[in-house]
Amino acid sequence: MKISAIVTLKKEVLDPQGKVVNQTLKNMGYKNINNVRQGKYFEIEIDETNEKNAKNTMEEICKKLLANSIIEDFTINLK
Amino acid sequence: MKSAVIVFPGSNCDRDISVALKKFQIKNEMVWHDESDLPKSDLVVLPGGFSYGDYLRTGCIASKSKIINDVIKHAEKGGLVLGICNGFQILIETGLLPGALLRNKKLRFISKNVYLKVNNVNNKFCLNYKGKKIIKLPIAHNEGNFFAQEKILKELEDSDLIAFKYCDVNGNTNEASNPNGSSKNIAGILNVNKNILGMMPHPERHIDPVLSGDDGSFMFESLLKSF
Amino acid sequence: MKISANIIDKHGIKLNEYKKIIKLIGREPNLLELGIFSAMWNEHCSYKSSKKYLKTLPTKNKKVIQGPGENAGIIDIGDNDAIVFKIESHNHPSFIEPYQGAATGVGGILRDIFTMGARPIATLNSIHFGSHDHPKTKNLLNGVVSGIGGYGNCIGIPTVGGEVKFDSTYNENILVNAMAVGLVQKDKIFYSKAKGINQPVIYVGSKTGRDGIHGASMASAEFDENAEEKRPTVQVGDPFTEKLLLEACLELMKENSIISIQDMGAAGLTSSSVEMASKGNLGIEINLDKIPCREEKMSPYEIMLSESQERMLLILKSGEEEKAKEIFKKWNLDFSVIGKTTNTKNLILKESNVEVANLPLSSLSSDAPVYNRKWKKNLESKKNTTNKKYTSLNLEDSFKTILKSPNNSEKSWVWEQYDHTVMGDTLQNPGGNSAVVRVHGKDKGVALTVDSSAKYCLANPMIGAKQVVCETWRNLISVGSDPIAITNCLNFGNPEKDIIMGQFVETIHGISEACKYLDFPVVSGNVSFYNETQNNPISPTPTIGGVGLIKNINLTMSHSIKEIDSNIFVIGKTSGHLYQSEFFREVMKIYDGPPPEINLFNEKNNGLIVQKLIENKLVNSVHDISSGGLIIALAEMCLSGQIGTKMKVKFNKINPYEFLFGEDQSRYIIEVNEKNKKNVCKILEKNSIYYDIIGKTQKEYLSLNDDFNIKLSDIKNLNSLWFKDYFKES
């Protein structure tokens, strides 16, 4: 099955890229934008039929590799 | 000859290029990205650096600057535009030059002197490289890996729009002499009218024999000669 | 909230220190005040263990404009030009998050430089990692190198030199020391001392977030097993904002608006406001509602202790606020008037018009504790190795083993990730004796180097420290510069242990002695204690950054051999000291024994003569002999110039191993062409300088008598193999 993860900087960690994109959007005329946070998206195909197992594996992968637990959080989605 | 160097937040080779232009008696003016009109100029330079910190995509946010509209007009009228390093990335994001600049193949920043084959000397930037076909210039970038679809690459080759190719000391353009994984060892390209040049190497850093080379000088001499 | 013993302990404050606080302020502090004390009284900010000894270092000579005590040291290089420089550690944060730790280390040291009105012109770094086969090393090395590059490249200041070393002593405590150098006009220097009452206090730069709270305390605490849980305090660097801050500050400095300026580094708003006000013998009042915050509902405690990066504190002349605000607005940076200077001599913090802290500034600075810690002299490392026979080893193989060892490998894998040519003034690239950077628009330049020799320092801290100062001096001499002054970064274990304190005390003696003799004062620096984990301290590692002046850049010397058939001289006596040499360590695996002695008299004489020979254009190339001995230095010269050397040496008093690999100090290799040979010999003899002529340069081979004859391309391959293999690159 396919499973995906979104990795973003933790809420309290400075996101320099998001800050610049936010400012640029405002300059481009999108006055109603309040905040932008940037992250990474991973889509992984996993040989697994049990959703729970897949999620557990994904969580492990995120913790061990995809996310830097010092500064990043992640959320997992089944497709 | 008059030039204008556009300064974006995060540009950091703006001083270097202005020093070079002055050294070769080109009258230069610095232009802040937030201006709407260019001063009267024959040459517009988009300098190297990390405009907007390279955030989102290199060159992408700078390409949305106010001044860019006037740069595009200047280019469309046949005015000269030179984009170096981040300037090249910006030119690509504005659509003035084709292709994309991806992360270096080894996923590392590369700062070193490289050999280049001057592939086209029939343009106002490279006239003085005639007879001096292998030159040495510094590169310093993280995203210089030129990529384009086959069709575009073929067009660039067929129309002789590749200005520089990475090579070794003997002029061989192969994988070993390709520092960043660029398609066809491309280091710099021209537009169809040959009034726009985008290149990853830094000619402005090699204009004095006390530095590790002065092969950049020829480019500024070429520009001067064409006016 | 009642301040419990547990809370006091969590703030790294000892019980007797807490009693002192009560005595100084006449009451119990509240939590915010305790946090402020904890930030100001920790080792990192107060230098409480080191102060007594740092005071003994020589800090002045004719060229010193500003010694220790400011954001950075300043030296005069003539024509109204001055050089501002400092080195600082960012060890603990880099171990926890190597990319961000190293990046913010570079950012922090750069702010120390431009705070003083100088445009940064170069950075250097000294980085130490654990053993190459330790499981953490590869990731740490990769992260630190890309972090240093990521920050320096983006802000556009060339990283021109440095050193990378590996030793198991750093397995759990890596060292990341970053040095920055700036250029300022002598009459346009800015200081941090506040002046005048009722002047506006301004906050500029990035917003304050919850990052790095108690970073300075973390830097002053030993790691335990749970170090990795202390992680959330690591800050994220934003070099783009720093570039804007740099340009905005320099733009404002052209105006006559600033009274004083200080960057917010360790302990952020707390230490910057306390330092500015107490230096000026004033008081300061801050309205916390005015601090630009990144997150909602930040408490006064969080605001005062946040270590968010890319922020500055200014005191402006009253009435200049609007003009200054315009400049920061142009650069899209926050600008806020947050308070004023007062005559109370207290730090007063207000939130919603309520006073939340009120502390006498003296209690935070001059009355902070100073310790006279117990120390023990280090025992001489004895030559107790059962005399292993090495003379049966193959010379060529031994040389090759050293060449391809991680510590002696060529480091372009590292420095090619740093933009070293931006700003267009880099005259000598990394990999040589010292980096040379031209003073922009002029015909003069500065030579810059950073050095350390922990292996010698562990064996004998006093001699080792002297050696590092001398090596720095030698590196500056070798490019044709006149050495002026140094900055030091002193990396040690826990000073509460007498043996570590002893290493520190002896190191200071060693540095002091060498600096005095060479007229080479210390103008800035930083102490990093508590580099130890579970009772395993690092080797004492004083890192020295040196600056020299090259009056005429056309006389800059390089270490590349220039022509075939010229003569190779060794200046200084080779007696073959092998203990602590790369040969003993890498080939024989012998790690004990004393380091080579330093004779300061010879050091100075030999150096000054080499300087004179360069000035009189009598030499083609120069290299100092350091770690690895004569053969490694000579090989580097040959590789750089792509010309070989044929050594012809008669061995009487010493054997070929001692000759090639001995690490006797105060030596240089110089290349002299036939035309100048007689003249050079005459000068050396007249000045009673010991020298040997060991051979002549030749095409593409490096050889010694009939012992070996190796092609340069083979040497080059061996020398550049290690990093490629380590990172599995072709």
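Here, the structure is the one placed above.
Below is a short write-up of the structure.

## Looking at the overall build of chain B
So, point 1. Tallying secondary structure elements over chain B gives five helices and 11 strands in all.
So, point 2. Relative to its length of 227 residues, chain B is compact, with a C-alpha radius of gyration of 16 Å against a globular reference of 17 Å.
So, point 3. In terms of overall dimensions, chain B has a C-alpha envelope of 45 × 35 × 35 Å along the principal axes.
So, point 4. Within chain B, counting contacts between residues at least 6 apart in sequence, those at least 24 apart form 76% of the total.
So, point 5. Total accessible area on chain B stands at roughly 8800 Å², and carbon and sulfur atoms take up 47% of it.

## Some thoughts on the packing of helix 15 (residues 395-403) of chain C against helix 22 (residues 630-641) of chain C
Residues and elements named next belong to chain C.
So, point 1. As a packed pair, helix 15 and helix 22 sit with axes 11 Å apart at the nearest point and diverge in direction by 70 degrees. With respect to their mutual orientation, helix 15 and helix 22 come out roughly perpendicular. Where helix 15 crosses over helix 22, the handedness of that crossing is right-handed. Touching Phe399, Ile402 and Leu403 of helix 15 are Ile631, Ile632 and Ala635, all from helix 22.

## Side note on the environment of Glu513 of chain C
All names here are of chain C.
So, point 1. Summarising the element assignment, Glu513 is placed in helix 19 (residues 498-518).
So, point 2. Judged by its relative accessible area of 34%, Glu513 falls in the partly exposed class.
So, point 3. As a C-alpha pair, Glu513 and Val469 span 44 residues in sequence and 9.6 Å in three-dimensional space.
So, point 4. Once you skip the residues sitting within four places of it in the chain, Glu513 turns out to touch Met462, Lys466 and Leu600.

## Here's the deal with the interface of chain B and chain C
So, point 1. Contacts between the two partners involve 26 residues from chain B, matched on the other side by 32 residues from chain C.
So, point 2. For the pair chain B and chain C, the summed buried area comes to about 2400 Å², and 54% of that belongs to carbon and sulfur atoms.
So, point 3. At the boundary of chain B and chain C, one finds three salt bridges.
So, point 4. A salt bridge links Asp419 of chain C to Arg205 of chain B; the nearest nitrogen and oxygen atoms lie 2.8 Å apart.
So, point 5. Inspection of the region where chain B meets chain C yields 13 residue pairs in polar contact (both at pLDDT 80 or more).

## Focus on a negative patch on the surface
All names here are of chain B.
So, point 1. A cluster of like negative charges, contributed by Glu29, Asp34, Glu35 and Asp37, occupies part of the molecular surface.
So, point 2. Along the chain, the position of Asp37 falls in the loop between strand 2 (27-32) and strand 3 (43-46).
So, point 3. Looking at Asp37, the relative accessible area reads 56%, which means it is exposed.

## With respect to a positive patch on the surface
All names here are of chain B.
So, point 1. Residues Lys2, Lys27, Lys40 and Lys77 make up a contiguous surface patch of positive charge.
So, point 2. Summarising the element assignment, Lys2 is placed in strand 1 (residues 2-7).
So, point 3. Looking at Lys2, the relative accessible area reads 39%, which means it is partly exposed.

## Comments concerning helix 15 of chain C
All names here are of chain C.
So, point 1. Taken as a whole, helix 15 has its buried residues at Leu395, Ser398, Phe399, Ile402 and Leu403. The buried residues of helix 15 occupy an angular sector of 140 degrees when projected down its axis, which confines them to one face.
So, point 2. Those residues of helix 15 that are buried lie in contact with helix 20 (582-588), helix 22, helix 23 (656-661), strand 27 (701-704), strand 28 (708-711) and helix 25 (712-726).
So, point 3. Among the residues of helix 15, the N-terminal cap falls to Asn394, whose side-chain oxygen and the backbone nitrogen of Glu396 are separated by 2.8 Å.

## What to know about the interface of chain A and chain C
So, point 1. Contacts between the two partners involve 11 residues from chain A and, on the opposite side, 16 residues from chain C.
So, point 2. Overall, the association of chain A and chain C removes approximately 1100 Å² of surface from exposure, summing both partners, and the carbon and sulfur fraction of that is 59%.
So, point 3. Linking chain A with chain C are one salt bridge, by the criterion used here.
So, point 4. Its salt-bridge partner being Asp238 of chain C, residue Lys19 of chain A comes within 3.7 Å of it at the nearest N-O pair.
So, point 5. Run the count over chain A and chain C and you get three residue pairs in polar contact (both at pLDDT 80 or more).

## Quick look at the pairing of strand 9 (residues 162-167) of chain B
Residues and elements named next belong to chain B.
So, point 1. Within strand 9, six of the six residues are buried, which leaves the element mostly enclosed by the surrounding structure.
So, point 2. Across four bridges, the pairing between strand 6 (residues 110-118) and strand 9 is antiparallel. Residue pairing in the sheet places Leu116 in a bridge with Tyr166 of strand 9.
So, point 3. Of the strand pairs in this sheet, strand 9 and strand 10 (residues 186-190) are connected by three bridges, and their pairing is antiparallel. Bridge pairing links Lys165 to Ile186 in strand 10.

## Section: empty space enclosed by the protein
So, point 1. This model, assessed by the stated rule, comprises four cavities of 30 Å³ or more.
So, point 2. Empty space within the largest cavity amounts to approximately 100 Å³.
So, point 3. In this structure, the largest cavity is lined by 17 residues; those nearest its centre are Gly49, Phe50, Cys85, Ala140 and His141 of chain B.
So, point 4. Taken together, the elements giving at least two residues each to the lining of the largest cavity come down to helix 3 (86-94) and strand 7 (134-141) of chain B.
So, point 5. Within the lining of the largest cavity, the residues separate by chemical class into five nonpolar, eight polar and four charged.
So, point 6. Of the volumes computed, that of the second largest cavity is approximately 50 Å³.
So, point 7. Along the walls of the second largest cavity sit Arg205, His206, Leu211 and Ser212 of chain B together with Thr421, Gly424, Asp425, Thr426 and Asn429 of chain C, which together make up its complete lining.
So, point 8. Looking at side-chain class alone, the lining of the second largest cavity contains one nonpolar, six polar and two charged residues.

## Regarding helix 25 of chain C
So, point 1. With 15 residues, helix 25 of chain C should cover 21 Å at 1.5 Å per step; its first-to-last C-alpha distance of 23 Å lies within 8% of that length.
So, point 2. Listing the buried residues of helix 25 of chain C in full gives Leu712, Ile715, Leu718, Asn719, Ser720, Trp722, Phe723 and Tyr726 of chain C.

## Considerations on the environment of Tyr53 of chain C
All names here are of chain C.
So, point 1. Here Tyr53 is to be found in helix 5 (residues 51-54).
So, point 2. Looking at Tyr53, the relative accessible area reads 7%, which means it is buried.
So, point 3. Between the C-alpha atom of Tyr53 and that of Pro369, which follows or precedes it by 316 residues, the distance is 15 Å.

## Some points on the pattern of salt bridges
So, point 1. With the rule as written, the count across this model stands at 50 salt bridges over all chains.
So, point 2. One salt bridge connects Asp70 of chain B with Lys73 of chain B, and the closest N-O pair in it is separated by 3.9 Å. Of this pair, Asp70 of chain B and Lys73 of chain B are both found in helix 2 (residues 68-76), three residues apart, which corresponds to roughly one turn of the helix.
So, point 3. One salt bridge in this structure joins Arg210 of chain C and Glu302 of chain C, with 2.8 Å as the shortest N-O distance. Of the two residues, Arg210 of chain C is situated in the loop between strand 7 (200-205) and helix 9 (215-218) and Glu302 of chain C in helix 12 (residues 300-305); the sequence distance between them amounts to 92 residues.
So, point 4. On the basis of relative accessibility, which here comes to 18%, the residue Glu302 of chain C falls in the buried class.
So, point 5. Shared partners join several salt bridges into a network, and the residues in it are Arg210, Asp211, Arg294, Glu295 and Glu302 of chain C.

Parameters at a glance
Residues numbered from 1 in each chain as written. Chains lettered and ligands numbered in written order. Predicted model: local features only at pLDDT ≥ 70, side-chain atom pairs only at ≥ 80, totals over all residues. Heavy atoms only, no water. Helix = DSSP H or I, 4+ residues; strand = E, 2+ residues; numbered from the N terminus. Rg over C-alpha atoms; globule rule 2.2 N^0.38 Å. Contact = heavy atoms within 4.5 Å. Areas by Shrake-Rupley, 256 points an atom, 1.4 Å probe, with all protein chains shown as cover. Axes fitted to C-alpha atoms, helices over the stretch in contact; angles between N-to-C directions. Parallel < 35°, antiparallel > 145°, perpendicular 65-115°, else oblique. Left-handed = near helix turned anticlockwise from the far one by under 90°. Buried < 20%, exposed > 50% of the residue type's maximum accessible area, 1.4 Å probe, protein only. Buried area = accessible area lost by both parts, 1.4 Å probe. Salt bridge = Lys/Arg side-chain N within 4 Å of Asp/Glu carboxyl O. Polar contact = N/O pair within 3.5 Å; in protein donor to acceptor, adjacent residues only side chain to side chain. Patch = residues over 30% accessible without salt bridge, like charges linked within 9 Å, V, L, I, M, F, W, Y side chains within 5 Å. Lys, Arg positive; Asp, Glu negative; His and termini not counted. Charge placed at Lys NZ, Arg CZ, Asp CG, Glu CD. Arc of directions from axis to C-beta. Pairing = 2+ DSSP bridges. 1 Å grid on protein atoms, 1.4 Å probe; cavity = no way out; pocket = protein on both sides within 12 Å on 5 of 7 lines; lining within 4 Å. Points joined across faces, edges and corners; volume = space filled by probe spheres on them. Nonpolar A, V, L, I, M, F, W, Y, C, P; charged D, E, K, R; others polar. Expected span 1.5 Å × (residues − 1).

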